[in-house]
Amino acid sequence: MTCSILLLLALLLTVVLSSAAGKTTEFRMTPPKLPSWTHKVLAGGCSRALAQVVLYPVDALRTLAQTRDGRTLADVGTGALLKGCGQTSSFALFTGAFQFGIYGVVSPRYGALVGSAAGAAGSCLVSVPQEVLKQRLVAGVYKNFREALQTIYSTEGLLGFYSAWKPTVSRNVPFVITTFTSREMMQRKIIKYKERHEEKKGQLKLSSGDNLLIGVASALLAGVVTQPIDLIKTRMMTQAASNAVPYTSALDCASSVIRTESWRKLYAGFSQRAVYMGGLWGITFALEPILTRRLQKRTGDAPES
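Please read these numbers as outputs of a predicted model, since none were measured by experiment. Numbering of residues starts from 1 in every chain and runs along the sequence as written. For a predicted model such as this one, the threshold for reporting local features is a pLDDT of at least 70, and the threshold for listing and counting side-chain atom pairs is 80 or more; totals across whole chains, interfaces and linings nevertheless cover every residue. Note that the side-chain values use all heavy atoms of the structure and ignore hydrogens as well as water.

Q: Break down a nonpolar patch on the surface for me, citing the residues and quoting the values.
A: Only residues whose relative accessible area exceeds 30% and that form no salt bridge are eligible for patches; like-charged ones are grouped when within 9 Å, while nonpolar side chains (Val, Leu, Ile, Met, Phe, Trp, Tyr) are grouped when within 5 Å. Only the protein chains shown count as cover for residues, and the accessible areas themselves come from Shrake-Rupley with a 1.4 Å probe. Each reported salt bridge corresponds to a side-chain nitrogen of Lys or Arg within 4 Å of a carboxyl oxygen of Asp or Glu. Together, Val224, Val225, Ile258, Trp263 and Tyr267 make up a nonpolar patch on the protein surface, roughly 490 Å² of accessible area in all. Helix and strand assignments follow DSSP, with helices taken as H or I runs no shorter than four residues and strands as E runs no shorter than two, numbered in order from the N terminus. Structurally, Trp263 is set in the loop between helix H9 (250–261) and helix H10 (270–298).

Q: Please set out the packing of helix H8 (residues 208–238) against H10 residue by residue, giving values where relevant.
A: At their nearest, the axes of H8 and H10 sit 7 Å apart, and the two run at 140° to each other. On the basis of their axis angle, the class for H8 and H10 is oblique. Seen from above, H8 lies across H10 with right-handed handedness. Helix axes are fitted to C-alpha atoms over the stretch in contact, other axes to C-alpha atoms as well, and angles between N-to-C directions run from 0 to 180 degrees. Roughly parallel here means an angle under 35 degrees, roughly antiparallel means over 145, roughly perpendicular means 65 to 115, and every remaining angle is called oblique. Crossing handedness is defined as follows: a turn of the near helix away from the far one that is anticlockwise and smaller than a right angle gives a left-handed crossing, while the clockwise case is right-handed.

Q: Tell me about helix H4 (residues 85–110), residues and numbers included.
A: Spanning 26 residues, H4 covers 36 Å between terminal C-alpha atoms, matching the ideal 38 Å at 1.5 Å per step. Of all the bends in H4, the greatest, near 30°, is centred on Gly104, and the proline Pro108 appears no more than four residues after it. One or two residues past the end of H4 sits Gly111, with phi positive at roughly 100°. Residue count minus one, scaled by 1.5 Å, sets the expected span of a helix. Bend is computed residue by residue as the angle between axes fitted to the seven residues ending at the residue and the seven residues starting at it.

Q: Got a sec to walk through the nonpolar core? Specific residues and values, please.
A: Here the nonpolar core consists of buried residues drawn from Ala, Val, Leu, Ile, Met, Phe, Trp, Tyr and Cys, with membership extended through side-chain atoms lying within 4.5 Å. Residue burial is assigned from relative accessible area. The probe radius is 1.4 Å, only protein chains are included, and a residue is buried under 20% of its type maximum, exposed over 50%, and partly exposed in between. If you look at the biggest cluster of nonpolar residues, it comprises 21 residues, and the most contacted ones within it are Leu133, Ile152, Met236, Cys253 and Val257. At the level of elements, helix H5 (112–138), helix H6 (145–156), H8 and H9 are the ones that each hand at least two residues to this core. Among the elements that make up this core, the one with the highest residue count is H5 (five residues). Throughout, a residue-residue contact means that at least one pair of heavy atoms, one from each residue, lies within 4.5 Å. With near-sequence residues (within four places) excluded, Ile152 lies in contact with Val132, Leu133, Arg136, Tyr142, Gly157, Gly160 and Phe161.

Q: Before we move on, can you summarise the packing of aromatic side chains with the specific residues and values?
A: Two aromatic rings, drawn from Phe, Tyr or Trp (for Trp, its six-membered ring), form a pair once their centres lie within 6.5 Å of each other, and the interplanar angle then sorts them: stacked below 30 degrees, edge-to-face above 60, tilted otherwise. Evaluated as defined, the whole model comprises eight aromatic pairs. The lysine or arginine in question, Arg68, covers the ring of Tyr247, its NZ or CZ lying 3.9 Å from the ring centre. A positively charged side chain is recorded as over a ring if its NZ (Lys) or CZ (Arg) lies within 6 Å of the ring centre. The angle to the ring normal must also be within 35 degrees. Over the ring of Phe285 we find Arg183, and its NZ or CZ is 4.5 Å from the ring centre.

Q: Mind laying out empty space enclosed by the protein, listing which residues take part and the relevant values?
A: Each cavity reported here is a set of points on a 1 Å grid over the protein atoms alone in which a 1.4 Å probe fits but cannot get out, each pocket an open set with protein on both sides within 12 Å along at least five of seven lines, and each lining residue one with an atom within 4 Å of a point. Grid points are joined across faces, edges and corners, and a volume is the space filled by probe spheres set on the points. For the structure on display, the rule yields two cavities of 30 Å³ or more. Approximately 200 Å³ is the volume attributed to the largest cavity. Lining the largest cavity are 20 residues, with Arg48, Glu131, Arg171, Asn172 and Met277 positioned closest to its centre. When residues of the lining of the largest cavity are traced back to their parent elements, those giving at least two are helix H2 (36–66), H4, H5, helix H7 (165–197) and H10. All amino acids are sorted into three groups, where Ala, Val, Leu, Ile, Met, Phe, Trp, Tyr, Cys and Pro are nonpolar, Asp, Glu, Lys and Arg are charged, and the leftover types, Gly among them, are polar. Of the residues belonging to the lining of the largest cavity, the class tally is six nonpolar, seven polar and seven charged. The computed volume of the second largest cavity comes to approximately 30 Å³. As for the second largest cavity, its lining consists of Ala219, Leu220, Gly223, Phe270, Arg273, Ala274 and Met277. Elements with a contribution of two residues or more to the lining of the second largest cavity: H8 and H10. Of the residues that constitute the lining of the second largest cavity, the class distribution is five nonpolar, one polar and one charged.

Q: Could you give an account of the side chain of Arg62, naming the residues involved and the relevant values?
A: Looking at the element boundaries, Arg62 is found in helix H2. For Arg62, a relative accessible area of 1% puts it in the buried group. Those residues in contact with Arg62, other than ones at most four positions away along the chain, are Glu131, Lys134, Gln135, Arg171, Asp230, Lys233, Thr234, Gly269, Gln272 and Arg273.

Function cannot be read off these values alone, since they describe shape.
Structure, rendered in structure tokens:
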């Protein structure tokens, strides 16, 4: 299934990018009209999945830095940097599709705040199992993806894939709200700045570089706000790798960390997470508009200039 998803992703990107080169074929069929939100679903999913594949090793380092017993590469081996990369990154295709698709439908009617909150909540259906599998594989709880699936399902049931879902949702929703709403604000600011300093008023567009910087900045801002919750989420998901007494709840985890390790420990792994999330959302926000425009042109839905 994973190979099929990644193959579909590669095929979609090949088709989309080839259309940008102006290549034509001898047999061209009229593409079907698609609802505008489907462009966001496909473009958001593909851009998010590609970004996660590229930055997977950095996220693995963040997971290790946040484990309860402070695991390092010396403990789990360098192979942990790519352990489960293909399988768990395929989940990101659906995470991005949910986030951008729901946002694209909801935000025009209810605004960026409600749209981003709905997108974040909906994407948790996919992102929570992804995080459980990814972080346990990196921490060395399981040897491979198949063992992780089989063991979690046989010992914890379907709900085992949603372990620590409360802190994960508590982190994801404010994080995505911050990134999407700050993106909207920064986009408006940059366009206004360009209008004051450039001649072609009313025809200005954000460049890929602009969107990249917006993604990095918005993710760093959201990362500062949600870092303590991210550590709690990681501890709850990976505590099977530790011999210590398990945490009974997210609140117990937070109080235990502060009491026994100091409040500063809540920001463990922040530097790794900053690089990962800054790069992830920078690449995603830069690629998504490009892919959306390519899809619109290919289906004949491109807005008039």
